[in-house]
2 protein chains.
Amino acid sequence: MAAPPRDVDARTVDLQRPATQIILKTHTEPSNDLAMERRKATFDVQELSYVLNGGKEQLEKKMKLAEMLSNTSWGDKSRRYFLTREEEYVGALKAALGIWEKMKSESLSLSDGALMRTLVDFPGGLELHIGMFIPSILSQGSAEQQAKWMPLCMGLKIIGTYAQTELGHGTFVRGLETTATYDKQTQEFVVHSPTLTATKWWPGGLGKTSTHAIVMARLMLPDGAGGVRDHGPHGFVVQIRAMDSHLPLPGVTIGDIGPKFGFGGVDNGFMSFDHLRIPRDAMLMRFSQVTPEGVYVPPPPSNSKASYATMVFVRADIVKNSGSVLARAVTIATRYAAVRRQTAPGPGQRELQVLDYQNCAATLLPLLASAYALTFMGEDMMTMYKKFEADRDAGRFEGLPELHALSSGLKALCTWAAADGIEECRRTCGGHGYSRLSGLPTLFASYVQNVTWEGDNNVLCLQTARFLIKALAGVQAGKRVDGSAAYLNDAAAELAPGRRCAAAGEACWLRPEVAAAALRHAAARSCATAAETLAAASGGRLVFEGAPWNSNTVDSIRAAKAHCSLVLHATFLDSVARLEAGAGAININTSTAAAVPTSAAAGGGGAGAAGPRLGGAAAGVLRQLAALYALDTLERGGGLAVLLEDGYMSAVQAGALRRAHRGLLAALRPNAVALVDAFAFPDYLLHSALGRQDGDVYRGLLDMARGSPLNDTEEGPAWAEVLRPVLAARSRM
Amino acid sequence: MAAPPRDVDARTVDLQRPATQIILKTHTEPSNDLAMERRKATFDVQELSYVLNGGKEQLEKKMKLAEMLSNTSWGDKSRRYFLTREEEYVGALKAALGIWEKMKSESLSLSDGALMRTLVDFPGGLELHIGMFIPSILSQGSAEQQAKWMPLCMGLKIIGTYAQTELGHGTFVRGLETTATYDKQTQEFVVHSPTLTATKWWPGGLGKTSTHAIVMARLMLPDGAGGVRDHGPHGFVVQIRAMDSHLPLPGVTIGDIGPKFGFGGVDNGFMSFDHLRIPRDAMLMRFSQVTPEGVYVPPPPSNSKASYATMVFVRADIVKNSGSVLARAVTIATRYAAVRRQTAPGPGQRELQVLDYQNCAATLLPLLASAYALTFMGEDMMTMYKKFEADRDAGRFEGLPELHALSSGLKALCTWAAADGIEECRRTCGGHGYSRLSGLPTLFASYVQNVTWEGDNNVLCLQTARFLIKALAGVQAGKRVDGSAAYLNDAAAELAPGRRCAAAGEACWLRPEVAAAALRHAAARSCATAAETLAAASGGRLVFEGAPWNSNTVDSIRAAKAHCSLVLHATFLDSVARLEAGAGAININTSTAAAVPTSAAAGGGGAGAAGPRLGGAAAGVLRQLAALYALDTLERGGGLAVLLEDGYMSAVQAGALRRAHRGLLAALRPNAVALVDAFAFPDYLLHSALGRQDGDVYRGLLDMARGSPLNDTEEGPAWAEVLRPVLAARSRM
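The model shown is predicted, which means the values in this text are computed figures rather than measured ones.

Rules used in this analysis
Residues numbered from 1 in each chain as written. Chains lettered and ligands numbered in written order. Predicted model: local features only at pLDDT ≥ 70, side-chain atom pairs only at ≥ 80, totals over all residues. Heavy atoms only, no water. Helix = DSSP H or I, 4+ residues; strand = E, 2+ residues; numbered from the N terminus. Buried < 20%, exposed > 50% of the residue type's maximum accessible area, 1.4 Å probe, protein only. Least-squares fit on C-alpha atoms with pLDDT ≥ 70 in both. Contact = heavy atoms within 4.5 Å. Expected span 1.5 Å × (residues − 1). UniProt positions renumbered as here; feature names shortened; annotations may be inferred. Domains from an automatic or database assignment. Buried area = accessible area lost by both parts, 1.4 Å probe. Salt bridge = Lys/Arg side-chain N within 4 Å of Asp/Glu carboxyl O. Polar contact = N/O pair within 3.5 Å; in protein donor to acceptor, adjacent residues only side chain to side chain.

A. Structural view of unusual backbone geometry. Non-glycine residue leucine 156 of chain A carries a positive phi angle of around 50 degrees. Relative to the elements of secondary structure, leucine 156 of chain A occurs in the loop between helix H8 (143–154) and strand E1 (160–163). The exposure class assigned to leucine 156 of chain A is buried, which follows from its relative accessible area of 3%. Of note, the phi angle at phenylalanine 263 of chain B is positive, near 60 degrees, even though the residue is not glycine. By relative accessible area, which is 22% here, phenylalanine 263 of chain B ends up partly exposed.

Here you go:
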């Protein structure tokens, strides 16, 4: 590899006469730009960092772990962007095993393990063993099953995955085709794939890693009349590979499904069964059982409701992650926009920082607001989950429909916001954003599957909308609704013709209650519109299925989005107030799964406790961000058209809203870098030439590019065989 | 590799008793679904295919070439999604050389070569030799320079690239730092990189392939007073590698910049110079020259205007390509949405085709309309380019500002539409859209750089907006404006308080003039708003630079988008009318660069000529698509809020517009597959398991997945070294 270009001083190298008045040296000082930005901060960044990172101790642990991981062979990222798919697969497994080993050898907590996985950021063949196989056995296995399988799982004597989706069947679980038919003679189930579309498809770690799988299959039992009865999908623990040779067992066909957009380290797999026999006790039997005689013992009636716990938990986790991931993208893009300079206003003038162009700020600052909003929402959903657990244990399920609807819509809205936001961040980085060395292409390609898995976002929004339309109809029939949709109780007054927005002038729009009222009105109106179009399509009644429902999904999805935006804004403000009151810290880094309870991190969490507390200056800036979140949602999210159309808002008010929005961009601009610094993502996590904390982006790009495998030789891999025969000319021309 | 799962008949394989009433076999008949869709078409698909593909002969040639290419070693795509970066680089070069050789050996035209490159779809190290190096020598080289370099270029005795952008300098060409300083003693230029940020960065083919480059460097000449004068960036033909060893020449440092989001086959490179000496005649001297004495001979005054030709041409090419690429994505997503079935309305019922969900149609059908709109726009821009050439040759440049502004905005709007549209298509495909085997991740990752290169889209929109705001100010001062912005001549009447939309009822919105009037009003209002906010920021005047301009870019970009949407809709309708009148065919496949002139393809092109003519049925469907394009632009593009805010449209009219939009979705639904079939992309080009013409998507996925390199062994690449040591248990449990 050639020596790098030297960063020589222009004044010493030019031919005979210096030309210092001409050569632009501004681009060699990006670090100065970042230092300048940091001096502009109007609040204590470290204090906010503590609040966002679970306190000082947790933050320091994060930094220490990042340092430790960067020095391991399996945690080193220097070749991360240069790996072949096979290298990614092996590398990701090594990383997961390295973390597993480190947790054992140093007796680290599950929380530390989750934090390490976040930092290493290299999903691989063990993801579903940790995230689905073990939790499923714990939640759905009987005591004997747990006693049998858990030691094998925790000792890594087996590796498991979770095989539900099939080649032809995704979101609609009832459509699964794989069967598990009970054979009373041998007391075995016969697992079988009756068609090509029954082939299991997508499970992570299935392709080449897992020895076992929880297989979702239709339970087929004797119906007592000489036939077979279908009891619908149930889970079975199935060994799929021989332990000594790692070859698929007879009757099992397994393979990798090929490359995806991202997730190269994961061996998502396919699997089909040809009458594979498994013992009766392979069925997960905590809730429903099959007796040796082949008689079905159904789950207790409350079980279907109780099983929502996992779903709510997973969605809370996804929402929390959405905030963290978006925060990473915004950190990279904001730091780079502060040091990247493009276009001089006039001859001899310095080129402007890209962040000083209004359209760049208008992209990045609302995304920054969104990253905070999503982070707070994720924490709040964890609280909802805990409340649900308590209610469930007390046998109370009244709040379940609302929780189900809300968690559905929030999963959708937050993953859309993060996925689209990463790509928007990438585009603000110009050409260099297209380089994988920026970190953003990989982040996007890995993240974007979140809009599809765990329920396609559109399908989830429709579930939220169904609840909202029903709730509104209920209110009109005299029933009250609680929780996030309680505002619908006042829908009649809210949507009465004379209702008007109270904003008088630009400054009014900065008041949280004015913005909240506008979001609330937009949500109520959107919900009413969806109900009206459904009624029109249903011939006056409300038909929540078939053609009427399917011809109303555009308006329904809008209603769900408007509802969830309202919730996000309210949660943003509530969270700031709570943190300012000293309610403890939150933790942006780890999934809720393994997060240290906020009360522990905050040393009790009550007012006056020793933990981090959000200061007034930072709280004020966060409230500006919340205002920007609201106004941007109205301005760009379509709310404005709704509010103008129904007469709630006037043209004058719309103009004032726009000015307030632009004003917030200018007001927040000086704190942009400070607000991303507060997330405190170590360079090791970001692994981005453009997002470096020191701002030395151009040297960063060059340093990383040198490692490209194409640079292993000066001539490149095509010279000898391909190029030399063509380039017949042999001498310097 | 294991045998594939068999597509066995469920009735023959189940344990002892059949369970046919339970097992869902619907998913094994996707081809039937596509056949059913094709029977629904209300127009002659082949006829429209001919019109879109340059006529019957051109269409047949495309299919023949695709067949031929699929049978070459270098054109075969079976491993395309499985290649390492190095394999991609070598493979893309081989493909380019294969096409080059085929063109020579079979005396094929440039147009055929371009078509083959489109079909092979594997950009590599020769792209800039063909697309920039040769054209630059032809357009900017003197006669002697062309005589010297062209035979070397065409004989592939050298390979060239175009090195303009630098590590710290993208869109702003005047910021380039590389210098070429004239040394009168030796009559040489000394090419030098004074700083790290002066490093050339991004040129395709620079990393490992090119032997030569056109280097853009600041021309530094003696100023006659003992100093040096900077004459700004000029182009120089520079040999960068030794012909015998392919090693970089002394004084030149070259390397690959590392992996990008897409474009793995291209060796985008970096390069810096340490006082490299090149002869005086290396400077491209067609327009400006340097004498042996070091005296600068400036270009003729009209040259700067004439040089816009290349820019307009490149933008026309980008717009044309945007339509073609979006059409490919929509083809894949629409066919899959027709065969993919999700969620049965009730027990025992067949799951619904995804395309029958309104929200899916509401995503795909507007994108289909957009693909047609972009395709027609690209053809129209080629006409603009030809008119510009004719005007230029006649010394007429009055239309240039408008052409410059329009082509800027259209490049932006069309590449945004295509890039975002591909990703939207991908998401409608659910989980399988995340697989690279769908073709969509690669298409997106390769395409999305178009929003950045050849002028960042936001920057281009600002150029359009600057023109529009100036034009509006001119109109207010009594000057008229021609071309696409002519509607601004009537701005005073259009924006007068009493102006009202004429739409009365849903059906009205289907009339082209009503939709066009609404788009026109939205464009005029957006332009006026941008002008007003600029005036407010400028203290009453219009200051098109510095802080006032930079604080107004959000509104300016909106104005540019609204203007270009208006142009796209008008061009859509004009094109349908022209094609219906028998004005000949267009060609969606090849870049305008190499397209056969439409008049030739259509055999004369006049009414009644032998070429393809658009029939009335197809024209009617295309007019529905144009209507959907307009209404969707208003509904989702923010136009509605503008029109409601200024009182042009009432709430009642907005409701009618929404119903008309939903009605169009339903009306176009039966022709969805026919409208993508009409693009007639061969399976070879799409290389997508989901976009197959025969609809056999699930078998397609499985067949392609089997080729994944992870499937080379049953145990996978981690077994021996990584997994076996961990999985201590040795026997079947």
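B. Structural context of the relation of the copies chain B and chain A. Note on the copies: chain B fits chain A at an RMSD of 0.0 Å, the axial shift is 0.0 Å, and the rotation between them is 180 degrees. As the rotation angle and translation indicate, the two copies are arranged about a two-fold axis. Closest approach to the rotation axis within chain B is made by the C-alpha atom of alanine 641 of chain B, at a distance of 2.1 Å. A high fraction, 100%, of the interface residues of chain B reappear at the interface in chain A, so the copies pair face to face through one surface.

C. Helix H10 (residues 308–339) of chain B, seen in detail. With 32 residues, H10 of chain B ought to run about 46 Å at 1.5 Å a step, and its terminal C-alpha atoms sit 47 Å apart, in line with that. Burial analysis of H10 of chain B places 25 of its 32 residues in the buried class, which makes it a mostly covered element.

D. Here's a closer look at the environment of isoleucine 130 of chain A. All names here are of chain A. Inspection of the secondary structure assignment puts isoleucine 130 in helix H7 (residues 127–140). Here the alpha-carbon distance between isoleucine 130 and threonine 291, two residues 161 residues apart in the chain, equals 30 Å. Not counting the four nearest positions on each side in its chain, isoleucine 130 is found in contact with Trp100, Arg117 and Pro135.

E. How the structure looks around the UniProt feature "active site" (unreviewed entry) in chain A. Residue and element names in this part refer to chain A. Following the UniProt record, one finds the feature "active site" (unreviewed entry) at Glu454. Mapped onto the elements of the fold, glutamate 454 is located in the loop between helix H13 (440–447) and helix H14 (457–476). On the basis of relative accessible area, glutamate 454 is assigned to the partly exposed category, the value being 36%. Apart from residues lying up to four places away in sequence, glutamate 454 is in contact with Val314, Ile318, Lys411 and Leu460.

F. Quick look at the domain arrangement of chain A. Residues and elements named next belong to chain A. On domain assignment, one finds that chain A holds domain 1 (52–122), domain 2 (131–299) and domain 3 (308–342 + 350–677). Domain 1 and domain 3 are separated by 30 Å when their C-alpha centres are compared. At the junction of the two partners, domain 1 supplies 14 residues and domain 3 supplies 16 residues. Of the roughly 1,400 Å² buried between domain 1 and domain 3 on both sides combined, carbon and sulfur atoms contribute 58%. Of all residues in domain 1, Leu52, Gly54 and Tyr81 bury the most surface against domain 3, accounting for 47% of the area lost on that side. At the junction of domain 1 with domain 3, the criterion picks out one salt bridge. Where arginine 328 meets aspartate 121, a salt bridge forms, and the shortest distance between an N and an O atom there is 2.7 Å. Joining domain 1 to domain 3, the criterion identifies seven residue pairs in polar contact (both at pLDDT 80 or more). It is helix H6 (residues 110–120) that provides the largest number of residues to the side of domain 1 that touches domain 3, a total of five residues.

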